[in-house]
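An overview of the molecular structure
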Amino acid sequence: MKIVELTKRNLSVYINNEEAEFLKEFNEENPIWLKRELNERQQIIANQLVNKDLLKRIKNDGRVAYKKTTR
C-alpha cells in the first residue's frame, strides 16, 4: 500500500502497488495516455484512479484520454 497526499484538500489517499506502478507511467515523456492504448486491466486501474482524483479523464479530439492531475 502506498499513501498519496492531496495537498489542496489535505487528504490522504491509499493506493495499491498496481495503481502506484500505473501512475509511474505518466511522466514527461508520456503525460497523456489514450484509452485505446491501454489494455482492459489498465483501463480499470485508470478508472479507479479517476475515482480517487489522481487521474483526470479528458476528451482529446473526440477520444478519451487520461492525464495525471496536478497537486
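Presented here is a report on the structure given in the accompanying data block. It should be emphasised that the depicted structure is a prediction, and the values quoted were computed from it without experimental measurement.

Comments concerning the pairing of strand β5 (residues 63-68)
Sheet analysis places strand β3 (residues 32-34) next to β5, joined by three bridges and oriented antiparallel. Paired with I32 across the bridge in β5 is K67. Remark: two residues form the turn of the hairpin made by strand β4 (residues 55-60) and β5, two consecutive strands paired antiparallel; D61 in that turn has positive phi of roughly 55°.

Thoughts on the packing of helix α1 (residues 17-24) against helix α2 (residues 40-51)
Where α1 contacts α2, the axes come no closer than 10 Å and their chain directions differ by 95°. Here α2 runs roughly perpendicular to α1, going by the angle between their axes. Contacts between α1 and α2 pair E18, E19, F22 and L23 from the former with R41, Q42, I45, A46, Q48 and L49 from the latter. Here the residues of the contact of α1 with α2 sort into five nonpolar, two polar and three charged.

Here we look at α2
Between the first and last C-alpha of α2 there are 17 Å, a value that for twelve residues agrees with the 16 Å anticipated at 1.5 Å per step. Residues of α2 that are buried include every one of I45, A46, L49 and V50, and no others. Down the axis of α2, the buried set is contained in an arc of 145°. They therefore lie on one face. Facing away from the buried side of α2 by over 90 degrees, the exposed positions are E40 and N51. Following α2 by one or two positions, D53 has its phi on the positive side, about 65°.

Here is what the cut-offs are and how they apply
- Residue indices follow the written sequence of each chain, beginning from 1 at its first position.
- Residue-level local features of this predicted model are given only where pLDDT is at least 70; pairs of side-chain atoms are given and counted only at 80 or more, and the full residue set underlies all totals for whole chains, interfaces and linings.
- Heavy atoms from the whole structure form the basis of all side-chain values; hydrogens and water molecules are not counted.
- Note: two strands are recorded as paired if DSSP finds a minimum of 2 bridges between them.
- Segments assigned H or I by DSSP are reported as helices when at least four residues long, segments assigned E as strands when at least two residues long, and all are numbered from the N terminus.
- Axis lines are fitted to C-alpha atoms, over the contacting stretch for helices. Their N-to-C directions set the angle, which ranges from 0 to 180 degrees.
- Any angle between 65 and 115 degrees counts as roughly perpendicular, while under 35 counts as roughly parallel, over 145 as roughly antiparallel, and the rest as oblique.
- Whether two residues are in contact is decided by their heavy atoms, any of which lying within 4.5 Å being enough.
- For this scheme, ten residues count as nonpolar: Ala, Val, Leu, Ile, Met, Phe, Trp, Tyr, Cys and Pro. Four count as charged, namely Asp, Glu, Lys and Arg, and the remainder, Gly too, count as polar.
- Helix span, expected: 1.5 Å multiplied by one less than the number of residues in the helix.
- Here the term buried applies to any residue with accessible area under 20% of the maximum for its type, exposed to any over 50%, and partly exposed to those in between, with areas from a 1.4 Å probe on protein chains only.
- This arc corresponds to the set of directions leading from the helix axis out to the C-beta atoms.

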